[in-house]
Every structure is written in C-alpha cells, then in structure tokens.
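Residues per chain are reported as follows:
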Amino acid sequence: MTGIAHSYGVASSNNAPSLGRCGGFVAQYPQDAFHLPARRTSVPEARRRASALLREWGAAPHVRDDVELVVSELFTNAVRHTDSEKVGCELSLLGAHIRIEITDQGGPEDSAPHVQPGSVDKECGRGLFLVGALSESWGSRPDDSGRGRVVWADLPYASLAR
C-alpha cells in the first residue's frame with residue numbers, strides 16, 4: 001500500500017508506524033492519506049486501505065470495524081453528493097482518538113452535511129446517523145481550496161495491547 005506523503009507530516013503507510021523524520025520535521029502521531037477516484041467502486045478500496053493501515057498501527061478489531069464503517073459512509077457521501085473527480089481520505093492517530101477526514105472537491109450541494117430527519121427508518125440516508133453514533137464528535141469545514149469540503153469524525157482508539 002502506498003500513501004501520499006505531504007510536507008506537513010503525513011507519512012505513507014509504509015513508514016507510518018516508525019515515523020522518523022517526515023517533510024522536514026518529526027511527525028508526532030501516525031498519519032496516512034490517500035486519494036481515490038470519486039466512483040462507487042472506490043468505496044471498498046478506501047475501506048480496505050483504512051483497515052490495513054489500522055492493522056499496521058495495532059488497532060483493536062472493533063476499532064477497525066467502526067473506522068471501516070465511518071470511512072465507507074463518508075466516502076460514499078462524497079461520491080454521491082459532489083462533483084468530485086477524486087476523494088481524499090486521511091487517518092490520524094491522536095492519542096486515544098483516531099481522526100478520519102474525507103475531502104471532496106465540491107459540487108452542487110454547498111451546504112454542510114447533516115442527519116436527515118427520519119433517516120434511521122429509511123434504507124438510504126442512515127449514513128450520517130451511523131457516523132454520529134460511532135463517533136465521539138464529527139463535523140465539516142471548507143477544504144483548503146475553499147471549493148470542497150472536509151467531513152471529519154473522531155472515534156475512540158484502542159490497540160490490541162490494551
């Protein structure tokens with residue numbers, strides 16, 4: 001698996017566990033980022049990459065399951081509700097939390113994502129309800145370009161060693 005190393009300390013998953021020097025400074029916490037085409041067929045690949053990375057980091061199986069589900073839901077929303085050509089996924093281990101950030105390139109819906117009323121009982125539309133149920137917190141913000149959006153979620157992290 002190869003990640004996209006950025007100058008701000010995101011390491012590829014090949015060196016994320018050791019995380020020596022990265023981009024000119026020492027990265028404090030393991031991070032990984034990747035981009036995939038904004039297609040439905042990319043959702044399982046994003047889920048697989050997230051799970052493999054968490055396995056490398058020593059995450060407990062229930063953490064991997066929860067992260068896979070959140071990545072799937074947020075990635076799917078970016079594919080379905082934006083005009084993106086690619087969708088980014090970044091995972092960061094921040095102490096007792098794992099931060100998931102899904103970045104799109106914008107689209108016709110310029111509003112922040114929100115849970116739809118009554119979505120729990122519908123086949124489609126439960127995604128953000130599930131994200132909220134599994135996350136300690138979640139939200140969104142404009143991306144650095146100002147055109148797209150970053151939807152993030154913080155989940156509890158536990159390692160196999162605990």
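Residues numbered from 1 in each chain as written. Predicted model: local features only at pLDDT ≥ 70, side-chain atom pairs only at ≥ 80, totals over all residues. Heavy atoms only, no water.

### Focus on the side chain of S84
With respect to the helices and strands, S84 occurs in the loop between α2 (61-81) and β4 (86-94). Given the relative accessible area of 11%, S84 is considered buried. Polar side-chain contacts of S84 include one of 2.8 Å to the side chain of T82. Among the polar contacts listed, one links the side chain of S84 to the backbone nitrogen of Q105, at a separation of 2.7 Å. Residue contacts for S84: discarding those within four places in its chain leaves A38, A78, D104, Q105 and G106. (Helix = DSSP H or I, 4+ residues; strand = E, 2+ residues; numbered from the N terminus. Buried < 20%, exposed > 50% of the residue type's maximum accessible area, 1.4 Å probe, protein only. Polar contact = N/O pair within 3.5 Å; in protein donor to acceptor, adjacent residues only side chain to side chain. Contact = heavy atoms within 4.5 Å.)

### Side note on the nonpolar core
In this structure, V67 and L91 are the most contacted members of the largest nonpolar core, which totals 33 residues. Among the elements of the structure, β3 (31-37), α1 (42-57), α2, β4, β5 (97-103), α3 (127-134) and β7 (149-156) are those that each provide at least two residues to this core. Sort the elements by how many residues they give to this core and α2 lands first, with eight residues. If sequence neighbours within four positions are ignored, L91 has contacts with P30, Q31, D32, A50, L53, W57, V67, V71, R99 and I100. (Core = buried A, V, L, I, M, F, W, Y, C linked by side-chain atoms within 4.5 Å.)

### Concerning the sheet that holds β7
As summarised here, the arrangement of the five strands in space is β3-β4-β5-β7-β6, forming an open sheet in which the pairing is antiparallel. Strands at the two margins of the open sheet, each flanked by one partner only, are β3 and β6 (137-142). Strand-to-strand twist of the sheet, defined as the mean angle between neighbouring strand axes without regard to direction, takes the value 15°. When β3 meets β4, the two strands line up antiparallel, connected through seven bridges. (Pairing = 2+ DSSP bridges. Axes fitted to C-alpha atoms, helices over the stretch in contact; angles between N-to-C directions.)

### What to know about the packing of aromatic side chains
Two aromatic rings are characterised by how far apart their centres lie and by the angle between their planes. The final tally for this structure, using the stated rule, is zero aromatic pairs. Directly above the aromatic system of F34 lies the positively charged group of R49, at a separation of 5.1 Å from the ring centroid. The ring of W152 has R99 sitting right over it, with the charged end atom 4.3 Å from the ring centre. (Phe/Tyr/Trp six-rings, centres within 6.5 Å; stacked < 30°, edge-to-face > 60°. Lys NZ or Arg CZ within 6 Å of the ring centre and 35° of its normal.)

### Things to note about the layout of surface pockets
As a volume, the second largest pocket reaches approximately 460 Å³. Lining the second largest pocket are 21 residues, and of these H35, T103, D143, D144 and V150 lie nearest its centre. When residues of the lining of the second largest pocket are traced back to their parent elements, those giving at least two are β3, β4 and β5. With five residues, the single largest contributor to the lining of the second largest pocket is β4. (1 Å grid on protein atoms, 1.4 Å probe; cavity = no way out; pocket = protein on both sides within 12 Å on 5 of 7 lines; lining within 4 Å. Points joined across faces, edges and corners; volume = space filled by probe spheres on them.)

### Section: α2
Turn by turn, an α-helix covers 3.6 residues, leaving residues three or four places apart pointing in a common direction. Taking 1.5 Å as the rise per residue, α2 with 21 residues should run 30 Å; its terminal C-alpha atoms sit 30 Å apart, in good agreement. Within α2 the residues assigned to the buried category are V63, R64, V67, V70, V71, S72, L74, F75, A78 and V79. (Expected span 1.5 Å × (residues − 1).)

### Section: α3
Residues of α3 that are buried: G127, L128 and V131. Buried residues of α3, seen end-on, are gathered within an arc of 90° and therefore sit on one face of the element. Residues of α3 that are buried in the fold lie against α2, β6 and β7. (Arc of directions from axis to C-beta.)

### Things to note about the environment of L69
Take L69: it is sitting in helix α2. On a C-alpha basis, the gap between L69 and V131 in space is 8.0 Å, while along the polypeptide they are 62 residues apart. Every residue in contact with L69, bar those within four places of it in the chain, is listed here: L130 and L134.

### Quick look at a nonpolar patch on the surface
Together, L69, F129 and L130 make up an exposed nonpolar region whose accessible area comes to about 210 Å². Structurally, L130 can be placed in helix α3. Of the residues examined, L130 reaches a relative accessible area of 31% and is grouped as partly exposed. (Patch = residues over 30% accessible without salt bridge, like charges linked within 9 Å, V, L, I, M, F, W, Y side chains within 5 Å. Areas by Shrake-Rupley, 256 points an atom, 1.4 Å probe, with all protein chains shown as cover. Salt bridge = Lys/Arg side-chain N within 4 Å of Asp/Glu carboxyl O.)

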